[in-house]
Amino acid sequence: MVLLRCVRSFRPMSSQLMEPIRRKFADSAELTELLHSAYPESIKKGAASGAKGGAAAAAAAEGGSAKAASAKAAKQTAAKAPERAVDFSRLDMRVGRIVTATMHPEADKLYLETVDVGEAEPRTVVSGLAGKVPLEEMQDRLAVLLCNLKPANMRGVKSHAMVMCAVGEDGTTEVLTPPADCAPGDRVFVPGYENEKCGAPDQVLNPKKKVYEQIQPDLKTLDDKTAGYKDLPWQTAKGPVVAQTLSGAVIR
């Protein structure tokens, strides 16, 4: 036991004593030749293992570099891609038929509507038109709806579109009217900004980018009461969209 303890305590000291010698002969050709003569197999295995490890490390480094380069190239491509213009073509404007309209059960200034916009199921829409448009005028009628706003909760009911109206300076409000022979789901477009030319409407308008908010100031009725965007008329395949009496009115 005493001898074992001595050996254990000697090992660190032995390493410390040998370290200056190792450093002196680390690059010695004579020492390398002696090692090859004394331990040929061990030297070969060590060299082979080192070569494999180096190759693996090089391959890993190359793979990592390739991935990094690919990611960088993708970012550069995205940065160079031109951002789509903010214009009427971004809006999903459709003809809809308001099937029913009732007072919102939790608000005296909101209507709750069921609207057919040409989809498998009608949409629920909440409009702040109570007191502005008589409830009887909201029943079983055609209207124009903005269908790609992000759905919003309005006093406990989620609204999935917005009924577009012309609003005069005195607050007079009129629901925009498409031609009587339009069908629910018919597209509303502006010449020069057709979706075939400019691209499909956004699936959902991003609230953070405020796309609708940038377009809305250019939405007004024209002198002939036609709904307009930058002085160009809103059209359907059957004809223009109009207000009843309001010209030069804001559309929202």
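Refer to the structure printed above.
The structure reproduced in this document is the subject of the present report.

About the cut-offs
- Residues numbered from 1 in each chain as written.
- Predicted model: local features only at pLDDT ≥ 70, side-chain atom pairs only at ≥ 80, totals over all residues.
- Heavy atoms only, no water.
- Pairing = 2+ DSSP bridges.
- Helix = DSSP H or I, 4+ residues; strand = E, 2+ residues; numbered from the N terminus.
- Buried < 20%, exposed > 50% of the residue type's maximum accessible area, 1.4 Å probe, protein only.
- Contact = heavy atoms within 4.5 Å.
- Core = buried A, V, L, I, M, F, W, Y, C linked by side-chain atoms within 4.5 Å.
- Salt bridge = Lys/Arg side-chain N within 4 Å of Asp/Glu carboxyl O.

### Side note on the sheet that holds strand S3 (residues 123-127)
Consideration 1: If you trace the five strands from one edge of the open sheet to the other, you get S3-S2-S1-S4-S7, paired in antiparallel fashion. The open sheet has two free edges, formed respectively by S3 and strand S7 (162-163), since each of these has just one partner strand.
Consideration 2: Where strand S2 (residues 111-116) meets S3, five bridges bridge the pair, whose relative direction is antiparallel. Its bridge partner being in S3, Leu112 is matched across the sheet by Val126.

### Digging into the environment of Met164
Consideration 1: Following the sequence through the fold, Met164 ends up in the loop between S7 and strand S8 (165-167).
Consideration 2: Under the relative-accessibility criterion, Met164 is labelled buried at 0%.
Consideration 3: Residues Met164 and Met93, spaced 71 residues apart in sequence, show a C-alpha to C-alpha distance of 9.2 Å.
Consideration 4: Those residues within four positions of Met164 in sequence are excluded, and the remaining contacts are Met93, Val144, Leu145, Leu146, Val175, Leu176, Tyr212, Trp234, Ile251 and Arg252.

### Regarding the nonpolar core
Nonpolar side chains in soluble globular proteins tend to be buried together.
Consideration 1: Membership of the largest hydrophobic core comes to 26 residues, with the highest contact counts inside it found for Phe88, Leu91, Met93, Met164, Leu176, Leu219 and Trp234.
Consideration 2: If you list the elements that add at least two residues to this core, you get strand S1 (93-103), strand S4 (141-146), helix H5 (211-215) and strand S11 (227-229).
Consideration 3: Once you skip the residues sitting within four places of it in the chain, Met93 turns out to touch Phe88, Val144, Leu145, Leu146, Met164, Asp186, Arg187, Val188 and Trp234.
Consideration 4: Counting residues in hydrophobic clusters, the runner-up holds 17 residues, among them Ala101, Val115, Val117 and Cys147.

### Some points on the pattern of salt bridges
Consideration 1: Counting across every chain of the model gives seven salt bridges.
Consideration 2: Residues Asp92 and Arg94 are paired through a salt bridge, measuring 2.9 Å at the closest nitrogen-oxygen approach. Comparing Asp92 with Arg94 shows no difference in burial state: the two are buried.
Consideration 3: The partner of Glu119 in a salt bridge is Arg94, and the shortest N-O contact between them spans 3.0 Å. Pair noted here: Glu119 is in the loop between S2 and S3 and Arg94 is in strand S1, with a separation of 25 residues, a long-range link.
Consideration 4: According to the relative accessible area criterion, Glu119 is partly exposed, its value standing at 31%.
Consideration 5: When salt bridges with common partners are traced through the structure, they connect Asp92, Arg94, Glu119, Arg123 and Arg187 into a single cluster.

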